[in-house]
Structures are given as structure tokens and as C-alpha cells.
Amino acid sequence: MRYFETRFLDEADEFLAKLDQKTVRKVIYNIDLAEQTNDPKLFKKLQNDIWEFRTKYAGLQIRLLAFWDKTDNKETLVIATHGFVKKADKVPGNEIERAVQIKDKYFNNTLKR
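The structure contained in this document is the topic of the report that follows.

Rules and cut-offs
Residues numbered from 1 in each chain as written. Predicted model: local features only at pLDDT ≥ 70, side-chain atom pairs only at ≥ 80, totals over all residues. Heavy atoms only, no water. Phe/Tyr/Trp six-rings, centres within 6.5 Å; stacked < 30°, edge-to-face > 60°. Helix = DSSP H or I, 4+ residues; strand = E, 2+ residues; numbered from the N terminus. Lys NZ or Arg CZ within 6 Å of the ring centre and 35° of its normal. Buried < 20%, exposed > 50% of the residue type's maximum accessible area, 1.4 Å probe, protein only. Contact = heavy atoms within 4.5 Å. Core = buried A, V, L, I, M, F, W, Y, C linked by side-chain atoms within 4.5 Å.

### Let's talk about the packing of aromatic side chains
Line of reasoning, step 1. Taken as a whole and judged by the stated rule, the model has ten aromatic pairs.
Line of reasoning, step 2. Aromatic pair Phe67 and Phe107: ring centres 5.5 Å apart, planes at 55°, arrangement tilted. Linking Phe67 in strand E4 (residues 60–69) with Phe107 in helix H3 (residues 93–112), this pair joins segments that are 40 residues apart in sequence.
Line of reasoning, step 3. Of the aromatic side chains, those joined through ring pairs into one cluster are Phe4, Phe43, Trp51, Phe53 and Trp68.
Line of reasoning, step 4. Cation over ring: Lys70 sits above Trp68, and NZ or CZ is 5.0 Å from the ring centre.

### Details of the side chain of Thr81
Line of reasoning, step 1. Tracing the sequence through the fold places Thr81 in strand E5 (residues 77–86).
Line of reasoning, step 2. Overall, the relative accessible area of 0% leaves Thr81 in the buried class.
Line of reasoning, step 3. Apart from residues no more than four positions distant in its own chain, Thr81 is found in contact with Leu9, Glu11, Ala12, Leu65, Ala66, Phe67, Ala99 and Ile102.

### Notes on the nonpolar core
Line of reasoning, step 1. Ranked by size, the top nonpolar core spans 17 residues in total, and within it Phe43, Phe53 and Leu64 carry the most contacts.
Line of reasoning, step 2. Those elements that place two or more of their residues in this core are helix H1 (10–18), helix H2 (21–37), E4 and E5.
Line of reasoning, step 3. Among the elements that line this core, the one with the most residues is H2, at four residues.
Line of reasoning, step 4. With sequence-adjacent residues up to four places away left out, Phe53 is seen in contact with Phe4, Thr6, Ile31, Ala34, Leu42, Phe43, Ile62, Arg63, Leu64, Ala66 and Val78.

Take a look at the structure:
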């Protein structure tokens, strides 16, 4: 059973495009697993309705930030905003702020359609 479906915005795609293929495969594998398992080691709430996909691979802490889009009642979507390689224990506040800005822009554009 799949709890949600993940869609990638441009910045998330661009981030993944910069990673090597093995790393991308691991990130996609973990996202796929998160969609089916509801495991906080893979997908965890941060703050301001921003969540993070978590991947640890080849010594790197890779994060894709995301938010939920429940505007379509038939489908539960998680929208990945952007990604970064985490250097410290905490997710930097500017990365969360960036995700919030992307989320706001997304919903403003969605509502205009």
C-alpha cells in the first residue's frame, strides 16, 4: 500500500541531477520506501508543515525538503521542494525557510489555475 505519491519541483530535480547515479538511486529508493512504510527515519516532520526525506549514503546526509498537497481529495501528494547535503546535526533554518517560500509560491500558483 502506498500512503502518498511524491512529485518533484524543478529545484528538487536540479539537485538530484547534480548527484551521481548511485546516490540518486538510493535517494529514490528511500523515497519509494517512505511512500509505503511511514517510517520517520526516512520521512520526518520538521516545522511549518515542512517535512524532510532523509537519506544517508556514502558518508553524506542528503535531504529533500517537502510539503503535503491535499487539495485533490482523490490523491495525497507530497511535493519535494529542493535538496541539499546536510553538514551539521540540525537542518539549517534558511533551508526550511526556502521550502516554506516554495510551498507558498506553489499554492498561490495552484489556486490561480
